[in-house]
Amino acid sequence: MYEIRIHGRGGQGAVLASKILAKALVEEGKFVKAIPSFGFERRGAPVSAFLRVNDKLIRQTTNIYNPNFILCIDPTLPRAVDIFSGMRAKGVWVQATKKSLDQLQVPESVSKVGLCDAFGIALDVFGRTITNSVMLGAFAKTTGLVSLKSLHKGMETVAFRDAALDKNIQALQRGFEETSVFELDREEGS
Amino acid sequence: MVCDGNEAAAWGVALSRPDVVAVYPITPQSSLAEYISQFVADGIIQADLMDVEGEHSVLSVLHGACLAGARTFTATCGQGLAFMFEPYFRTPPLRLPIVMSIVTRDGITPQCVWGGQQDAMTVREVGWVHMYCETAQEVLDTIVMAYKIAEHRDIMLPVNVNHDGNYLSYGVEKVVLPDQEEVDDFLGEKNINWHVALDPERPMSVDPLTGGAEGSGPALFVRYRKGSCKAMQNALRVIQEVHEEWEKRFGRSYAPLVEEYRLEDAKYAIVTIGSMTGAGKDAVDLARESGEKVGLIKIKTVRPFPVQTLRQALSKVKAIGVVDRSVSFGWNCGPMYQELLSTLYLLDERIPAISFIGGLAGADIRIEHFNRAIETTAKALRGEEFSEPIWLNEKD
Amino acid sequence: MRRQAREPFDESTIPNDLCPIATERIDLKTGDWRAERPVVDRDKCVKCATCWLYCPTQCIQEKPTWFEANLEICKGCGICADECPHHAIMMVEETEE
């Protein structure tokens, strides 16, 4: 079973991203349980979504405290929130950022990093910093857990509030293509 | 499809073909209200949508619609339920078969917009049938079943289908949509107001004032109250029958009243309700792996309270730990604990029982918390006394 | 910061499990939530106070010859930039620092 934690800010579509990802994974025959965590329900406030994936039915309906994967769709969030809290060793971190790998503080528990300038792409495609579709592409590229095709399918049946499906598919594609993936050398047992 | 509990509920409503719906948004029910409105706009629900100014009007409007023969639906929780209390209070004795989702939310003071069960638990004595769901699929299925239960000739009571705020309302999972034709066949002909109606063709006075204590008042009251109680007892049977028919037609089964999990050779058990059960079952599996003979009992139907079914389950174990997601202020324990204590009275021998209270104000009841509940109940089994409730999220 | 006119209630005089009250103010640094920040062109600003009037968080502060947002609170909604009659405010993408 994989545990994925998605971090974002209210209004960027983090929760919708978890829904699309859930649909895509179900499309690929997986069992999924995704729940959001709301603090203050307003634009800009930190928001998390928790997604469990397994090959058999998932029963527990609780938050995720020890994720294998962290997907952070906002570049400013890591300085405001401890997005790595409880992360398991050999974790994968997918981050929306303009920065390069050496400019970032990567914790020991992370052994694979995917970086994508989601703000830049989102402003280009939508004219606004709504990063969810872009970062889903980044997630697919970095983790290989889900295919673009399934994410397409997942997007077809959600109600996007701010832009049409084709723009979101475009963002997804660009996110996938414009993500740099880094494998880090980690000592066994670290 | 993949959707959350609120959307699943809206689909359950759509499949049941209501005639009049009225909703007012309130967290964490809001998206349910929005889906209902969207479905009406899109023609998926072909009903009259009443846009009213508050929950008091929501249910009052549905009273009128129901008396005119409409199949109805609404949803609320928390303060919305509180605002709705005046018409809520009279719906069961009026015998109106309204189906309502409570997207359970904790009590509002201290200020809180997060999940819990204080709202639904507090109103369990009003006379509505109360069922608690564990998954989004169960929400969809139970709403459709609720109409069959509510409109059953031996019942004619309003039904609350409750699902945990946040966990089930916004929790996304794979959900299967039952076939519409099969549902139509399952629910059969609508006959909502054969017994009490605002209908010029059948003039009658609906709920007139009863005589005072010197007049016919008391005897009438006893008659009607006994009738309500009889209907509730019938519901124990009908809820089981409806769930059995559901399994035959749609292939999905749910324990209608009480579910027993790994109870056959268990020495003790934890008792759960609603979405917390998933983590509870996982914790039981873990404990079993290390040799503990523990099981789980899940309560689905809280009203009518399945006394005999629970008694049978409880007679298999020698200690229980009841995990509540709400508080019984007057008894210093959880409400389900209180009800379980009453049920234990019927057992041949007295067994220890502990009250655990967790998950208040949207807190998680995790596998770790269940581990603690299991360990503590094991201690009770070995004779340790626990007179105070254990508050699971106290130090979180 | 304006001085409080009256001292808050001394909550140590009542049990801490009695009733939900608060007497300590913690300023939520909503500036953390921002994706864009308003940048004022001080030459264009005429101190008409339109931005101050429209700001939904009342975080606009008066300076000697211009107005500007208090960046600890400003959420970057862009209303000030939209309303400024002299187009003196530009919304600039927030850096990741």
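Residues numbered from 1 in each chain as written. Chains lettered and ligands numbered in written order. Predicted model: local features only at pLDDT ≥ 70, side-chain atom pairs only at ≥ 80, totals over all residues. Heavy atoms only, no water.

(A) Inspection of the sheet that holds strand β12 (residues 301–303) of chain B at higher detail. Residue and element names in this part refer to chain B. Taking strand neighbours across the sheet as the criterion, the seven strands line up as β3-β2-β4-β5-β7-β6-β12 in an open arrangement whose pairing is mixed. Looking at which strands have only one partner, the edges of the open sheet turn out to be β3 (48–50) and β12. Taken over all neighbouring pairs, the strand axes of this sheet differ in orientation by 20° on average, direction set aside. Across two bridges, the pairing between strand β6 (residues 129–132) and β12 is antiparallel. Residue pairing across strands places H130 opposite R303, the latter belonging to β12. In this fold helix α7 (residues 136–150) packs onto β4 (72–76), β5 (99–104), β6 and β7 (159–164), with an angle of close to 170° to the strand it touches most, β7. (Pairing = 2+ DSSP bridges. Helix = DSSP H or I, 4+ residues; strand = E, 2+ residues; numbered from the N terminus. Axes fitted to C-alpha atoms, helices over the stretch in contact; angles between N-to-C directions. Contact = heavy atoms within 4.5 Å.)

(B) Structural context of the nonpolar core. Counting 130 residues, the largest nonpolar core has I36(B), F73(B), Y88(B), I297(B), I320(B) and L340(B) as the members making the most contacts within it. The element contributing the most residues to this core is α7(B), with ten residues. In contact with Y88(B), not counting residues within four places along its chain, are L59(B), L81(B), M100(B), I102(B), V123(B), V126(B), W128(B), H130(B) and N160(B). Residues V92(A), I121(A), V146(A) and L172(A) belong to the second largest nonpolar core, which totals 46 residues. (Core = buried A, V, L, I, M, F, W, Y, C linked by side-chain atoms within 4.5 Å. Buried < 20%, exposed > 50% of the residue type's maximum accessible area, 1.4 Å probe, protein only.)

(C) Spatial organisation of the interface of chain A and chain B. Each partner contributes residues to the interface: chain A has 18 residues there, and chain B has 26 residues. Of the roughly 1,900 Å² buried between chain A and chain B, counting both surfaces, carbon and sulfur atoms make up 52%. Our enumeration of links across chain A and chain B arrives at four salt bridges. Close ionic contact of D282(B) with R59(A) constitutes a salt bridge, the shortest N to O distance being 2.9 Å. (Buried area = accessible area lost by both parts, 1.4 Å probe. Salt bridge = Lys/Arg side-chain N within 4 Å of Asp/Glu carboxyl O.)

(D) Quick look at the side chain of S150(A). Residue and element names in this part refer to chain A. Mapped onto the elements of the fold, S150 is located in helix α4 (residues 148–156). Given a relative accessible area of 7%, S150 falls into the buried group. Polar contacts involving the side chain of S150 include one to the side chain of S147, which spans 2.9 Å. Leaving out residues up to four positions away in the same chain, S150 has contacts with A24, E27 and E28. (Polar contact = N/O pair within 3.5 Å; in protein donor to acceptor, adjacent residues only side chain to side chain.)

(E) Main features of a nonpolar patch on the surface. A surface patch of nonpolar side chains, about 430 Å² in accessible area, is lined by W52(C), L53(C), Y54(C) and I79(C). Per-element accounting of the nonpolar patch gives the leading share, three residues, to helix α1 (residues 50–54) of chain C. (Patch = residues over 30% accessible without salt bridge, like charges linked within 9 Å, V, L, I, M, F, W, Y side chains within 5 Å. Areas by Shrake-Rupley, 256 points an atom, 1.4 Å probe, with all protein chains shown as cover.)

(F) Quick look at the packing of aromatic side chains. Residue and element names in this part refer to chain B. As enumerated under the stated definition, the model contains eleven aromatic pairs over all chains in all. Ring geometry for Y88 against W128: centres 4.6 Å apart, planes inclined by 10°, an arrangement best described as stacked. Pair noted here: Y88 is in helix α5 (residues 85–90) and W128 is in the loop between α6 (118–122) and β6, with a separation of 40 residues, a long-range link. You can call Y88 buried: its relative accessible area is 0%. Plain terms: the ring middles of W246 and F250 are 4.0 Å apart, the flat faces sit at 35° to each other, and that makes the pair tilted. Note that W246 and F250 are positioned in helix α9 (residues 217–250) at a spacing of four residues, about one turn of the helix. Of the two residues, W246 and F250, both sit in the buried class. Aromatic rings pair up to connect F85, Y88, F89 and W128 into one cluster. Between R223 and the ring centre of Y224, over which it is positioned, the NZ or CZ distance is 5.2 Å. (Phe/Tyr/Trp six-rings, centres within 6.5 Å; stacked < 30°, edge-to-face > 60°. Lys NZ or Arg CZ within 6 Å of the ring centre and 35° of its normal.)

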